[in-house]
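Here is how the chains run, residue by residue.
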Amino acid sequence: GENVEQHPSTLSVQEGDSAVIKCTYSDSASNYFPWYKQELGKRPQLIIDIRSNVGEKKDQRIAVTLNKTAKHFSLHITETQPEDSAVYFCAATVTGGGNKLTFGTGTQLKVEL
Amino acid sequence: GAVVSQHPSWVICKSGTSVKIECRSLDFQATTMFWYRQFPKQSLMLMATSNEGSKATYEQGVEKDKFLINHASLTLSTLTVTSAHPEDSSFYICSASGQAGRQPQHFGDGTRLSIL
């Protein structure tokens, strides 16, 4: 089955700096890669996703890049703000193949003033 | 749109009690729902896939007799933790998607289960 690795496990940045979180996946058939933000005790919230037919997607301060050959994808947050502090999870799945998401281990992002 | 409601949000009960958690899709029909378990500071671990009108598919290592799943309608799936024990204490989260194979999944608020 799919295996998703995520790094780093913790990330501390100064407000205004950029943050990058990286994930690798094992199943070359995976074609959908969402990123979720989870605040303590709350639901995971989808912040951005990318499908395998594109290499990059951007939404304001958030961007995701995908390298299918290397089987890795990354989340980029620019101009970080304190409210960006949370745990971020990457995930991967094969759409139409049961639709199960395999999650990475999570990254605790702390944005310091 | 795409709202998933989960109830209750918090349960505290005695060991041996059975606990039912509901997951509802409020503004769309969910042919597939997923149940996850999350321990503190850990990732979401898929427990089972719930398909409307058919038996749930459980992940390896998840006891189907312990975690009963029912998906009787296109908007409701329930997870019953039977004869709960302290080791079952965790954060349980459901998610739902529309047509099979459609993404993204939408998550409920989660249920924090504490067994004394």
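Just so it is clear, the structure is predicted and the values come from calculations on it, not from any experiment. (Residues numbered from 1 in each chain as written. Chains lettered and ligands numbered in written order. Predicted model: local features only at pLDDT ≥ 70, side-chain atom pairs only at ≥ 80, totals over all residues. Heavy atoms only, no water.)

Draft legend 1. Structural context of a nonpolar patch on the surface. Taken together, Trp10(B), Ile12(B) and Leu116(B) make up a surface patch of nonpolar side chains, about 390 Å² in accessible area. Topologically, Ile12(B) is positioned in strand E2 (residues 10-13). (Patch = residues over 30% accessible without salt bridge, like charges linked within 9 Å, V, L, I, M, F, W, Y side chains within 5 Å. Areas by Shrake-Rupley, 256 points an atom, 1.4 Å probe, with all protein chains shown as cover. Salt bridge = Lys/Arg side-chain N within 4 Å of Asp/Glu carboxyl O. Helix = DSSP H or I, 4+ residues; strand = E, 2+ residues; numbered from the N terminus.)

Draft legend 2. Structural view of the state of the cysteines. Applying the stated criterion across every chain, the model contains two disulfides over all chains. Paired through a disulfide, Cys23(A) and Cys90(A) show a sulfur-sulfur distance of 1.9 Å. Given an S-S torsion of about -100 degrees, the disulfide between Cys23(A) and Cys90(A) has left-handed geometry. On the criterion of sequence distance, the pair formed by Cys23(A) in strand E3 (residues 19-25) and Cys90(A) in strand E9 (residues 86-92) is long-range, its members being 67 residues apart. The class of Cys23(A) is buried, set by a relative accessible area of 1%. Take Cys90(A): its relative accessible area is 0%, and that puts it in the buried class. Across a sulfur-sulfur distance of 2.0 Å, Cys23(B) and Cys94(B) are joined as a disulfide pair. Here the disulfide of Cys23(B) and Cys94(B) is right-handed, its torsion about the S-S bond being about 80 degrees. (Disulfide = S-S within 2.5 Å. Buried < 20%, exposed > 50% of the residue type's maximum accessible area, 1.4 Å probe, protein only.)

Draft legend 3. The environment of His7(A), seen in detail. Residues and elements named next belong to chain A. Position of His 7 relative to the elements: it lies in strand E1 (residues 4-7). When the C-alpha atoms of His 7 and Asn 99 are compared, they prove to be 24 Å apart, with 92 residues separating the residues in sequence. Residues contacting His 7, with those up to four places away along its chain left out, are Ile 21, Lys 22 and Thr 107. (Contact = heavy atoms within 4.5 Å.)

Draft legend 4. Geometry of the environment of Leu68(B). Residue and element names in this part refer to chain B. By the secondary structure assignment, Leu 68 is in strand E7 (residues 67-73). On the accessibility criterion, Leu 68 (39% relative accessible area) is partly exposed. Placed 53 residues apart in sequence, Leu 68 and Ser 15 show a C-alpha to C-alpha distance of 17 Å. Here Leu 68 is in contact with Tyr 58, Thr 78, Leu 79, Thr 80 and Thr 82, once residues within four sequence places are set aside.

Limitation: the analysis is restricted to geometry and does not speak to function.
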